[in-house]
Amino acid sequence: MEPLFHAATYTGYVYPNETVIPWTVLIVVYPYLTGLVAGAFTVSSLYHVFGMQRFKPVAQFALLASLCLMIFVPLPLLLHLGHPERAFNAVITPHWTSAFAVFGYAAGFYIILLLLENWFVFRPHIVQQAQQRKGLPGWFYRVLSLGSYDLSGKAMRYDHKWIFALAVTGIPAAHGLHGYVGFVFGSVKSREWWSSDLMPAIFLFSAIISGVALLIALYVLSCKLRKTPVDRECVKGLGYTLWGFLMFTLVLEGVEFGALVYRGREGIETILEYVTGPLIVPFFILQFAIGAVIPIAVLSYMFWEGTTGKALVAGVTLSACLVLFSVFMMRWNVVIGGQEISKTGKGLVDYQMVIFHREGLVAAASVIIAPLVLLLAMVRLFPPWADNAVPSSAPDARGEVLPRVVTETK
Amino acid sequence: MPKHIVRLIILIVAGIAAGWAAKSYFTAESFYEYGHYRAASVPEIAAQEPAYQTPRYCQACHGERHAQWSASNHKTVICETCHGAAQGHPQKAKLSIPADTRKLCTLCHEAMPGRPRTQPQVVLAQHSGGQQCIVCHNPHAPKIAGVPVKVAGDAAAGATKHAASCAGCHGAKGISPNDTWPNLAGQHGAYLARILAAYKSGDQKDVAMTPLAQALSDADIQNLAVFYAGLSCNGTATKPPAGDVAAGKALAEKNCATCHGQTGIASNPAWPILAGQKGGYLVNVLKAFRGGLRKDPMMAGVVRGLSDADIANLAAYYAGQRCEPTMQVGRTP
Amino acid sequence: MKKTNPALAARRAFLRRLGRAATYAGAALGVGSLGGVQKVAAKNESTSGTGSFPTKDYDWTKRRWAFGVDATKCIGCLRCVEACKRENNVPGDAHHFRTWVERYVYLEGEDKARIDSHHDPVNIAASGSEREYRFANRYKDAKVEKAFFVPKLCNQCTHPACVQVCPTGATYKTVDGVVLIDEKYCIGCQYCVQACPYGARFFNARKGVTEKCYWCYHRITKGLQPACVEVCPVGARIFGDLNDKQSPISLFIRNNRVHVLRPETGNAPNVFYVGLDKDVV
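In this text, all values refer to a predicted model and were calculated from it rather than measured experimentally.

## With respect to the overall build of chain B
Part 1: When you go through chain B residue by residue, the secondary structure sums to 16 helices and 0 strands.
Part 2: The globule rule puts the C-alpha radius of gyration for 333 residues at 20 Å, and the 33 Å found for chain B is more than 25% above it.
Part 3: The principal-axis extents of the C-alpha atoms in chain B amount to approximately 130 × 45 × 35 Å.
Part 4: Looking at chain B alone, contacts between residues at least 24 apart form 71% of all its contacts between residues at least 6 apart.

Written as structure tokens, this is what we have:
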């Protein structure tokens, strides 16, 4: 039988109740997913709001990716809850002094916003499919079209206004949502490791780099799968964005960490013991050296040298993958790290991730993979590729299978 | 406005309305009544049944123990601290009488850094000689009379006093001629001194003994105690009193042996040797304890629940035991 | 003669909720004509009746509970821990405590206290199992400079961080000064476990909700003392009503210079200590 709880070993003195770590790997996944949403949405806004044309190839894809990820954001929280069936209590009677009470509303609002924006963006495709497809898919598109096939110039102008308004609203919403996730941790005064005013900003910027990195990786991967040439200008632009925000994130994290050590409040000995001990590999090596310094170096070198072509794509993609990993480690080091440093300031707890458990590795990995699977399905229902998004270019687009689409786009 | 926009707006508004309605429908009945919580949860929590019932609850049935305990220096340790929560007792649950007092008592009394100096503490290995705490200490009145009084006197002076005041009843050699008067020969000196002092102070009363003891000086008591302790108790075996010796033996093993020894030879000099004692005397004394005429916190607990037959059996058993001339010297804790 | 039929009452409650829901829905739609239903429903609403709350014999507006700990008296016997576990059905292992006792030992030549409590494997080994509670006599042969015990429990703070972060209102501060947890409403997110600076809360995996000390609210509302106070053999735990100037706790606070744990958190705890020391966390 599965044990009810997993007691952690500890060193020094920790409170007896601290030997069971309350927030596990699922709570690492939760801000990670939210961050990816915020980052991906930022990229789509760069095109939809700020009109950066070089992001056009990924703008719709980014929007779709945001939606798919956002739908799964509540899942790690639900899996973590002792009573998932009561989750709606936080929505029915939200206790507004709690950062978590906002979550239901913020997430709900944001999912609806993403649904709407996606709907407007893909409406021409929906209408076209509703008119052409038969059977169940036909029904699906006809319901989505709300029974109106109006694609006139006037209607499209309306749609664009809505898209613009939603994108503008979405920027503070996405960033607010993720800044708020930082606040969930930063406002906990009992934990020195979390309790920082910079936490929301750090979460926000690391969110943006993770989202940009995800888009780079997924876009390049999708081009390979579709056998479409990669839009190098777009990738380069994303690379610039990644580089800039990555710099900013690093500075913020450095400042936060420096301030923590410099202030040297009660329990700093234990924190230093932690930083120079258990944290060396996950923080300094994985998150910082491999995940941040290498990408910065690679990107800087390429921009300096003016690298182009395949090398640029490869370099940016590599950096993106490393950044994705780095941000995950950052979430890990914040969420798990904060709990490994005891509230007593005199001891360390050692979190051991379990493999098969509701809050184990497999569950967490599934939660990360699930939105990607959904995204795979969604790109078939709503092709987001700018290169084949021209209406009526695929008159018999019955392509449920990706390779079919690939051949058509060629 | 295009049709799809109108329909979308209607959908959104309907969704918000439905959500809002659902929110208010699912709001728990008593929520917000006193604050941001379910007011009904307060009486729910307050309605839980207490497990610990307090000494007052125990007193209803265990009055005697309660009285003894509440007068003792253990009165701050409530019944349930050692016996467990009384919830469901006596109807459903039987409370435990801790068997391993070496484990129980050391919870508080094991000498340990961090315990305040005022807390009585012992190093078990040096204190008990491997015995259970309850051998010497009554947990309901732990301060024991069982701490042996120092006996140091002049046996010759004791012999003179004996001849003058005691020999008439207790026999020239300390062997009583009467079945209801105790033999004194070979008895523990510390016990004798304690009992004589008790008669003298009035803590223990007897029509014959009280005036006699009152006439004794403290030195007399010491002398007498030393004198009797040195006498031989041999040849005291008289006719065995009526009673089932085997039953008495079984009962003695269960109730008496820890203090008075398997064969009635107490290891602690503060407590009397019973082996070879007069059967009638033993019966009388036990009944006196049972009736509260003789007071001893430990004995009161032990004899409670003994029937007349039990007492007769015990007396028969102990009276029939051989008392050895040279008493083993009890250890001083 | 009015007789309450449970089915009827349930239906009435349902209608009442429905009415309320309809009102909000109506308001949201801008109709608002159903407002009357709400008013009628509100009139019937009275869960607690007119008497005292929360029980008919206990009025929580009359009390202001507080707790005192005289650490100089504690002998570390852990009877309080055992009693608490039994009284409140706390999981019987070494990782879930509503109250626990810490031991601080300064050895000669060391300037930091060695601290342990029941979750220390040495103490578990000494007691025989996780379900028995005893401090191992591990320092008996060491050169001990100073040593003492400190009982810990929920501080029922005046500004409780746990209540602040609870997203649902499943934990709340009562009028008489105790922080309670509504086991039927808690979703088990464990945010409060994180927020408590004292480590007083833990997650009960079997029940799926958070749990902590509530000064035996079910006892103190019946005129009894908390179980730990009841069983403490040396009077190291003091409990009472601050509204009563002669209560043990009022006297304790008045006659001693008391401290609280971690005042810098701003939580304003309500367990008052005598005999703390620099290293006490």
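After that view, the rundown keeps rolling.
## Description of the overall build of chain A
Part 1: The number of helices and strands found in chain A is 14 helices and 2 strands.
Part 2: Computed over its C-alpha atoms, the radius of gyration of chain A comes to 23 Å, within 12% of the 22 Å expected for a compact globule of 410 residues.
Part 3: When its C-alpha atoms are laid out on the principal axes, chain A stretches across 70 × 55 × 40 Å.
Part 4: If you take every contact in chain A between residues at least 6 apart in sequence, the share linking residues at least 24 apart comes to 76%.

## Some remarks on the interface of chain C and chain B
Part 1: The interface of chain C with chain B comprises 54 residues on the first partner and 41 residues on the second.
Part 2: At the level of elements, α1 (6-29), β1 (54-55), α3 (79-87), β4 (100-107), β6 (144-152), α7 (217-220) and α8 (227-231) of chain C are the ones that each hand at least two residues to the side of chain C that touches chain B.
Part 3: Looking at which element gives the most residues to the side of chain C that touches chain B, the answer is α1 of chain C, with 10 residues.
Part 4: Residue composition of the side of chain C that touches chain B, by class: 29 nonpolar, 11 polar and 14 charged.

## Here we look at the environment of Pro 272 of chain B
Residues and elements named next belong to chain B.
Part 1: Here Pro 272 lies in the loop between α13 (257-260) and α14 (279-291).
Part 2: With 23 C-beta atoms packed within 10 Å, Pro 272 lands in the buried category.
Part 3: C-alpha separation for the pair Pro 272 and Arg 65, spaced 207 residues apart in sequence, amounts to 24 Å.
Part 4: Aside from chain neighbours lying at most four places away, what touches Pro 272 is Gln 187, His 188, Tyr 191 and Ala 266.

## Some details on the interface of chain B and chain A
Part 1: Each partner contributes residues to the interface: chain B has 11 residues there, and chain A has 11 residues.
Part 2: Here the side of chain B that touches chain A is composed, by residue class, of 5 nonpolar, 3 polar and 3 charged.

## Quick word on the nonpolar core
Part 1: Of all hydrophobic cores here, the largest spans 218 residues; its most connected members are Leu 215, Ile 216 and Leu 242 of chain A.
Part 2: Element by element, the count of residues in this core is highest for helix α1 (residues 25-48) of chain A, at 16 residues.
Part 3: Not counting the four nearest positions on each side in its chain, Leu 215 of chain A is found in contact with Ala 40, Val 43, Val 58, Ala 62, Ala 65 and Leu 238 of chain A.
Part 4: Grouped together as the second largest cluster of nonpolar side chains are 47 residues, Leu 196, Leu 274, Ala 275 and Tyr 281 of chain B included.

## Examining the confidence of the model for chain A
Part 1: Residues at a pLDDT of 70 or more form 94% of chain A, whose mean pLDDT is 90.
Part 2: Low pLDDT, under 50, characterises residues 388-410 of chain A; the stretch is placed with 23 contacts to residues that sit more than four places away or in other chains.

## So, the domain arrangement of chain B
Part 1: By the assigned domains, chain B splits into domain 1 (3-46), domain 2 (54-135) and domain 3 (145-333).
Part 2: Each of domain 1 of chain B and domain 3 of chain B was reduced to a C-alpha centroid, and the two centroids are 83 Å apart.

## Considering the sheet that holds β4 of chain C
Residues and elements named next belong to chain C.
Part 1: With respect to topology, 3 strands assemble into an open sheet ordered β5-β4-β6, the strand pairing being antiparallel. Of all the strands in the sheet, just β5 (114-116) and β6 have a single pairing partner and so form its edges. The sheet shows a mean angle of 15 degrees between the axes of neighbouring strands, taken without regard to direction.
Part 2: Relative to β5, β4 runs antiparallel, the two sharing 3 bridges. In the sheet register, Val 105 faces β5, and the bridge partner there is Arg 114.

## What to know about the packing of α1 of chain A against helix α2 (residues 56-72) of chain A
All names here are of chain A.
Part 1: Their axes nearest at 8 Å, the elements α1 and α2 cross at an angle of 150 degrees. The orientation of α1 with respect to α2, classified from their angle, is roughly antiparallel. Two packed elements cross with a definite hand, and for α1 against α2 that hand is left-handed. Each of Leu 33, Leu 36, Val 37, Ala 40, Phe 41, Val 43, Ser 44, Tyr 47 and His 48 in α1 lies in contact with α2, whose residues at this interface are Lys 56, Val 58, Ala 59, Ala 62, Leu 63, Ala 65, Ser 66, Leu 69, Met 70 and Phe 72.
Part 2: Its residues placed into classes, the contact of α1 with α2 shows 15 nonpolar, 3 polar and 1 charged.

## Description of the sheet that holds strand β3 (residues 65-70) of chain C
All names here are of chain C.
Part 1: The mixed open sheet is built from 3 strands, whose spatial order is β11-β3-β12. Strands at the two margins of the open sheet, each flanked by one partner only, are β11 (237-241) and β12 (271-274). Each strand of the sheet is rotated relative to its neighbour by a mean of 20 degrees, with strand direction disregarded.
Part 2: Examined bridge by bridge, β3 and β12 share 4 bridges and lie parallel to one another.

## Topic: helix α10 (residues 268-275) of chain A
All names here are of chain A.
Part 1: Listing the buried residues of α10 in full gives Thr 270, Ile 271 and Tyr 274. Buried residues in α10, looked at end-on, bunch into an arc of 100 degrees, giving them a common side.
Part 2: Its buried side turned inward, α10 meets β1 (9-13), α12 (309-340) and β2 (346-350).

## Some details on the environment of His 118 of chain C
Part 1: The residue His 118 of chain C is located in the loop between β5 and α4 (121-127) in this model.
Part 2: For His 118 of chain C, a count of 24 C-beta atoms within 10 Å translates into the label buried.
Part 3: Distance from His 118 of chain C to Leu 78 of chain C, taken between C-alpha atoms, is 9.0 Å for residues 40 residues apart in sequence.
Part 4: Contacts of His 118 of chain C, omitting those with residues within four sequence positions, involve Pro 16 of chain A together with Leu 78, Val 81, Ala 94, Trp 100, Asn 123 and Tyr 133 of chain C.

## Considering the environment of Asn 284 of chain B
Part 1: Relative to the elements of secondary structure, Asn 284 of chain B occurs in helix α14.
Part 2: As a C-alpha pair, Asn 284 of chain B and Thr 180 of chain B span 104 residues in sequence and 7.4 Å in three-dimensional space.

## So, the packing of helix α7 (residues 153-186) of chain A against helix α8 (residues 199-226) of chain A
Relative orientation and spacing of two packed helices are given, respectively, by the angle between their axes and the distance between those axes.
All names here are of chain A.
Part 1: Running from amino to carboxyl end, α7 crosses α8 at an angle of 135 degrees, the nearest separation of the two axes being 7 Å. Looking at the two axes, α7 sits oblique to α8. Considering the relative orientation of α7 and α8, their crossing is right-handed. Of α8, the residues touching α7 (which contributes His 175, His 178, Gly 179, Val 181, Gly 182, Phe 183, Phe 185 and Gly 186) are Met 199, Pro 200, Ala 201, Ile 202, Phe 203, Leu 204 and Ala 207.

## A short note on the confidence of the model for chain B
Part 1: When pLDDT is averaged along chain B, the result is 87, and 93% of the positions lie at 70 or above.
Part 2: Ranking the elements of chain B by mean pLDDT puts helix α15 (residues 297-303) of chain B last with 75 and helix α2 (residues 41-46) of chain B first with 96.

## A few points about helix α9 (residues 232-263) of chain A
Residues and elements named next belong to chain A.
Part 1: A rise of 1.5 Å per residue sets the reference length of α9, with its 32 residues, at 46 Å; its end C-alpha atoms lie 46 Å apart and thus fit the reference within 8%.
Part 2: Looking at the buried residues of α9, the elements they touch are α2, α8, α11 (280-305) and α12.
Part 3: Directly beyond the C-terminal end of α9, a positive phi value near 50 degrees is found at Gly 264.

## A look at unusual backbone geometry
What is expected of a backbone is that most residues other than glycine have negative phi and most peptide bonds are trans.
Part 1: At the junction of His 89 of chain B and Pro 90 of chain B, the peptide bond is cis and its omega measures out at 5 degrees in the coordinates.
Part 2: Each neighbour pair has its own omega, and for Phe 53 of chain C with Pro 54 of chain C the value is 5 degrees, a cis peptide bond.
Part 3: One non-glycine residue, Asn 89 of chain C, lies in positive phi territory at about 55 degrees.
Part 4: Assignment of secondary structure puts Asn 89 of chain C in the loop between α3 and β4.
Part 5: Even without being a glycine, Gln 190 of chain C presents a positive backbone phi close to 70 degrees.

Scoring rules and cut-offs
Residues numbered from 1 in each chain as written. Chains lettered and ligands numbered in written order. Predicted model: local features only at pLDDT ≥ 70, side-chain atom pairs only at ≥ 80, totals over all residues. Helix = DSSP H or I, 4+ residues; strand = E, 2+ residues; numbered from the N terminus. Rg over C-alpha atoms; globule rule 2.2 N^0.38 Å. Contact = placed C-beta atoms within 7 Å. Nonpolar A, V, L, I, M, F, W, Y, C, P; charged D, E, K, R; others polar. Buried ≥ 20, exposed ≤ 12 C-beta atoms within 10 Å, placed from the backbone. Core = buried A, V, L, I, M, F, W, Y, C linked by C-beta atoms within 7 Å. pLDDT = per-residue confidence, 0-100. Domains from an automatic or database assignment. Pairing = 2+ DSSP bridges. Axes fitted to C-alpha atoms, helices over the stretch in contact; angles between N-to-C directions. Parallel < 35°, antiparallel > 145°, perpendicular 65-115°, else oblique. Left-handed = near helix turned anticlockwise from the far one by under 90°. Arc of directions from axis to C-beta. Expected span 1.5 Å × (residues − 1).

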